[in-house]
Amino acid sequence: MNMELKPSWESNHESRNRTFFFTAALIVFACGFFLLKDIRLIADEYTHHSQILEIVTGKNLLPSTCPYLPGYHWSMAFLSSLIHDHHPYALRFLSSVCSFLCLVVFFLTAKKIDRNSAIQKSLLFLFLPPLFPFFFLIYTDVYSMFYVFLALWAALNRRLRLSGILGILSLIVRQNNILWLGLIAFIAYFENVDTQDRWKDVKKRIPQFSFFGLALILTIVFVIWNKGFVLGDKTNHFLSLTAGNLFFSAYLFFFLFLPQNLANGSKILHFLKQNKLILLILIELFFVYLLFFKSEHLYNTLAGHIHNRIVWRMESHKILSFLPIAYTVLSLCVTRLQQKSFYLFYPVAILFLITLPVIEIRYTFIPFSLFLLFKEKSSERITLLTLATYVVPIVCLMALILDRTYFP
């Protein structure tokens, strides 16, 4: 295999950039942790902290207060036992360390996809406003992403058995990661299987995908044993087809990636000229939005959450709030992804979002993060403008959390 050797000056430049990025990221993480480490437990931190304590004390090794399997809680109980400290600030420190490792894995995955945009995408991931505060809190979301990114990294490196094992570990943190594991398996298949003699190649490669199959079997066994997909809080967490999270995610996407969306303006006009049918699709989507976007779930009535206030505003001004949603759809239509297999991300993301009954900002974390990984590199100007738009939301979010006024 021919390997192109990079000039030493280019390698040194890349190494310096990487060192600078991770040094800066460490400083950011240290500041974020010290800002939030001593505040009282907030929102779902109460539930997660109590589950960790139940495991540490041996009271209940399989606590079921929250809907997910306690993989995160087992990990935090083990790590906090190693440092002999189960205080909330210690658990926030451990969560921050795991979050930093998640950033590292995100970078390695981005580098595998396109080494020239790895730092750019990692910066956007690090400062993504809705995600940023959760790096330092006792929440399962970032820890769940850690295993999803690891599984994707392993698959892209053609270590399919390892990818399947890591995917199974992700299921112990969140059961619905089975959808992302399915996406990873399909990406691995389309990237590695010879299209000229596909069926023959598939039979040869089936053993390499064995742990993906095992993950599916274990999920089915769990659902049968548990008599449902959700472990705890079954009254409020259930599988159903709802449009809430899909439209909410599209609405947020418009603002979170505003410079990129605006830069797509000319491409969108050209796309509309070439594809008149998209206007009919948008009209149909508008009526679906009018009829089915509702915030009826109990958890979407809580006034202390910023995302609920956004949802209420969307619900009160449906015609106006549909405009950024429609623009998001058009912008995604003209946004190119790095590889053809990555376009499988869209149907999986839609399926992931429509099966969640609670409209929740945390459900956007994996879809938005995978979009960052899969999309083509943006210009430096767009990246800098995007990061600039993140400054005010992050400062406001951190201030509101410290003041205990609102929570994301």
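The structure we're discussing is the one just above.
So, how was this worked out
Residues numbered from 1 in each chain as written. Predicted model: local features only at pLDDT ≥ 70, side-chain atom pairs only at ≥ 80, totals over all residues. Heavy atoms only, no water. 1 Å grid on protein atoms, 1.4 Å probe; cavity = no way out; pocket = protein on both sides within 12 Å on 5 of 7 lines; lining within 4 Å. Points joined across faces, edges and corners; volume = space filled by probe spheres on them. Helix = DSSP H or I, 4+ residues; strand = E, 2+ residues; numbered from the N terminus. Nonpolar A, V, L, I, M, F, W, Y, C, P; charged D, E, K, R; others polar. Salt bridge = Lys/Arg side-chain N within 4 Å of Asp/Glu carboxyl O. Buried < 20%, exposed > 50% of the residue type's maximum accessible area, 1.4 Å probe, protein only. Expected span 1.5 Å × (residues − 1). Contact = heavy atoms within 4.5 Å. Phe/Tyr/Trp six-rings, centres within 6.5 Å; stacked < 30°, edge-to-face > 60°. Lys NZ or Arg CZ within 6 Å of the ring centre and 35° of its normal. Polar contact = N/O pair within 3.5 Å; in protein donor to acceptor, adjacent residues only side chain to side chain.

Can you help me understand empty space enclosed by the protein in this one?
With a probe scaled to a water molecule rolled over the atoms, the places where space remains empty come into view. Counted according to the given criterion, the structure contains three cavities of 30 Å³ or more. The computed volume of the largest cavity comes to approximately 90 Å³. Around the largest cavity, the lining residues are Asp141, Ser144, Arg174, Asn176, Asn177, Trp180, Phe352, Arg362, Tyr363, Phe365, Ile366 and Pro367. Of all the elements in the fold, those that place two or more residues in the lining of the largest cavity are α6 (141-156) and α18 (365-374). No other element matches α18, which puts three residues into the lining of the largest cavity. When its residues are assigned to classes, the lining of the largest cavity shows six nonpolar, three polar and three charged.

Just to check I follow, could you spell out the pattern of salt bridges for this structure?
A side chain of one charge can pair with a side chain of the opposite charge when the charged atoms of the two come close. Tallying each qualifying case throughout the model produces ten salt bridges. Salt-bridge contacts for Asp141 lead to Arg362; the nearest nitrogen and oxygen are separated by 3.2 Å. Of this pair, Asp141 sits in helix α6 while Arg362 sits in the loop between α17 (345-354) and α18, placing them 221 residues apart in sequence. Each of the two residues, Asp141 as well as Arg362, counts as buried. We classify Arg362 as buried; its relative accessible area is 11%. A network of salt bridges, in which partner residues are shared, links Asp44, Asp141, Arg174, Glu360 and Arg362.

Which parts of the structure should I look at to understand helix α16 (residues 318-334)?
Side chains that are three or four residues apart share a direction in an α-helix, a result of its 3.6 residues per turn. For α16, spanning 17 residues, the distance from its first C-alpha to its last is 25 Å, which sits close to the expected 24 Å at 1.5 Å a residue. Among the residues making up α16, those that are buried are Lys318, Ser321, Phe322, Pro324, Ile325, Ala326, Thr328, Leu330, Ser331 and Val334. Buried residues along α16 sit in contact with α11 (244-256), α12 (258-263), α13 (265-274), α14 (277-292) and α15 (306-316).

Explain the layout of surface pockets here, please?
Size it by volume and the largest pocket reaches roughly 600 Å³. As for the largest pocket, its lining consists of 26 residues, of which Asn17, Asn116, Ile119, Gln120 and Lys377 are closest to the centre. Looking at the lining of the largest pocket, the elements that each hand over two or more residues are α1 (8-36), α4 (88-113), α5 (118-126) and α19 (380-403). The biggest single contributor to the lining of the largest pocket is α1, with ten residues. Classifying every residue of the lining of the largest pocket by side-chain character gives twelve nonpolar, six polar and eight charged.

Teacher, can you tell me more about the packing of aromatic side chains here?
A ring pair, where both rings are aromatic, is described by two values, the distance of the centres and the angle of the planes. Applying the stated criterion across every chain, the model contains 46 aromatic pairs. Consider the rings of Phe222 and Trp225, whose centres lie 6.0 Å apart with planes at 45°: the pair is tilted. Placement of both Phe222 and Trp225 in helix α10 (residues 210-226) is noted, with a separation of three residues, approximately one turn of the helix. The exposure class assigned to Phe222 is buried, which follows from its relative accessible area of 11%. Among the residues examined, Trp225 registers a relative accessible area of 55% and is labelled exposed. Plain terms: the ring middles of Tyr289 and Phe322 are 5.7 Å apart, the flat faces sit at 35° to each other, and that makes the pair tilted. Placement of Tyr289 in helix α14 and of Phe322 in helix α16 is noted, with a sequence separation of 33 residues between them. Since its relative accessible area comes to 0%, Tyr289 is described here as buried. Note on Phe322: relative accessible area 7%, which makes it buried. The lysine or arginine in question, Arg174, covers the ring of Tyr68, its NZ or CZ lying 4.0 Å from the ring centre. Across from the ring centre of Tyr289, 5.8 Å away, lies the NZ or CZ of Lys318, which sits over that ring.

Please explain the side chain of Arg362 as it appears in this structure.
At 3.4 Å, the side chain of Arg362 and the side chain of Asp44 are in polar contact. Filtering out sequence-adjacent residues up to four positions away, Arg362 remains in contact with Asp44, Phe134, Tyr139, Asp141 and Arg174.

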